[in-house]
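Understanding the architecture of this molecule
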Amino acid sequence: MNEAERRSLEIRRKALEVFDGKVEELELQKILHLIERNQPDFLETVVKQLEEDNGRWSDRSGFPNAKVRRDGNGRVQTVTFEALGKVQPDGTQEILSITWRSDHSEIAWVESFTKELLKKEEKSE
């Protein structure tokens, strides 16, 4: 098992733990944000592995599937984990969902704003 497969499985297990109420959603969010900030190229590899692993386990395993949305440049914007929950009294089955959102666009905006602000300060000195 390579590193991307291992991390993908770890993330999927963490999502399952969130659905089971064993950990807070923030724990899953932190894992993905840390990868995004520290290893942005690796995030893409892990997300591709998450997509490839959809349907790998039966629904009874509880492992959620991952749906990925990308921006116009192909950059990961959201990863949504979905799993089947309890059967409702009307016979339908609840769908559990967690969405992680990339904060890359906000970080890029702050960085560009800061650069422009510093340029203006340099010109005024």
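Now for a look at the structure at hand.

Rules used in this analysis
- Residues numbered from 1 in each chain as written.
- Predicted model: local features only at pLDDT ≥ 70, side-chain atom pairs only at ≥ 80, totals over all residues.
- Heavy atoms only, no water.
- Pairing = 2+ DSSP bridges.
- Helix = DSSP H or I, 4+ residues; strand = E, 2+ residues; numbered from the N terminus.
- Buried < 20%, exposed > 50% of the residue type's maximum accessible area, 1.4 Å probe, protein only.
- Polar contact = N/O pair within 3.5 Å; in protein donor to acceptor, adjacent residues only side chain to side chain.
- Axes fitted to C-alpha atoms, helices over the stretch in contact; angles between N-to-C directions.
- Parallel < 35°, antiparallel > 145°, perpendicular 65-115°, else oblique.
- Left-handed = near helix turned anticlockwise from the far one by under 90°.
- Contact = heavy atoms within 4.5 Å.
- Nonpolar A, V, L, I, M, F, W, Y, C, P; charged D, E, K, R; others polar.
- Expected span 1.5 Å × (residues − 1).

Alignment of strand 1 (residues 65–70) against strand 2 (residues 76–87), held across six bridges, turns out to be antiparallel. Each bridged residue has a counterpart across the sheet, and for Val68 the counterpart in strand 2 is Val79. Connecting strand 1 to the next strand, strand 2, in antiparallel fashion are five residues, including Gly74 with a positive phi near 85 degrees.

Note that Asn2 resides in the segment before helix 1 (3–19). Take Asn2: its relative accessible area is 42%, and that puts it in the partly exposed class. At a separation of 2.7 Å, a polar atom in the side chain of Asn2 contacts the main-chain amide nitrogen of Glu5.

Attention shifts here to the sheet that holds strand 2. Here we have three strands laid out as an open sheet, ordered 1-2-3, and antiparallel in their pairing. Each edge of the open sheet carries a strand with a single partner, namely strand 1 and strand 3 (93–101). Adjacent strand axes in the sheet meet at a mean angle of 25 degrees when their direction is disregarded.

Here Lys119 shows up in helix 4 (residues 104–124). Once the C-alpha coordinates of Lys119 and Arg6 are considered, the two residues, 113 residues apart in sequence, prove to be 44 Å apart.

Across the interface, helix 1 lies against helix 2 (residues 25–38) with an axial gap of 8 Å and an inter-helix angle of 160 degrees. One finds that helix 1 runs roughly antiparallel with respect to helix 2. Handedness of the helix 1/helix 2 crossing: left-handed. Residue-level contacts link Arg7, Glu10, Ile11, Lys14, Ala15 and Val18 of helix 1 to Glu25, Glu27, Leu28, Ile31, Leu32 and Ile35 of helix 2. Here the contact of helix 1 with helix 2 is composed, by residue class, of seven nonpolar, no polar and five charged.

A word on the side chain of Thr78. With respect to the helices and strands, the residue Thr78 is situated in strand 2. On the basis of relative accessibility, which here comes to 13%, the residue Thr78 falls in the buried class. Ignoring sequence-local partners within four residues, the contact set of Thr78 consists of Lys67, Val68, Arg69, Thr99, Trp100 and Arg101.

As a further point, take helix 1. The terminal C-alpha atoms of helix 1, which comprises 17 residues, lie 24 Å apart, in line with the 24 Å expected from a rise of 1.5 Å per residue. Taken together, the buried positions of helix 1 are Ala4, Arg7, Ser8, Leu9, Ile11, Arg12, Lys14, Ala15, Leu16, Val18 and Phe19. At its buried positions, helix 1 is contacted by helix 2, helix 3 (40–52), strand 1, strand 2 and strand 3. For helix 1, the side-chain oxygen to backbone nitrogen distance between the N-cap and Ala4 is 3.0 Å, and the N-cap itself is Asn2. Note on helix 1: the residue one or two positions beyond its end, Gly21, has a positive phi of about 80 degrees.

Let's shift gears to the side chain of His33. Within the secondary structure, His33 is located in helix 2. The class of His33 is buried, set by a relative accessible area of 14%. Within the local environment of His33, its side chain forms a polar contact with the side chain of Trp100, the two groups lying 3.1 Å apart.

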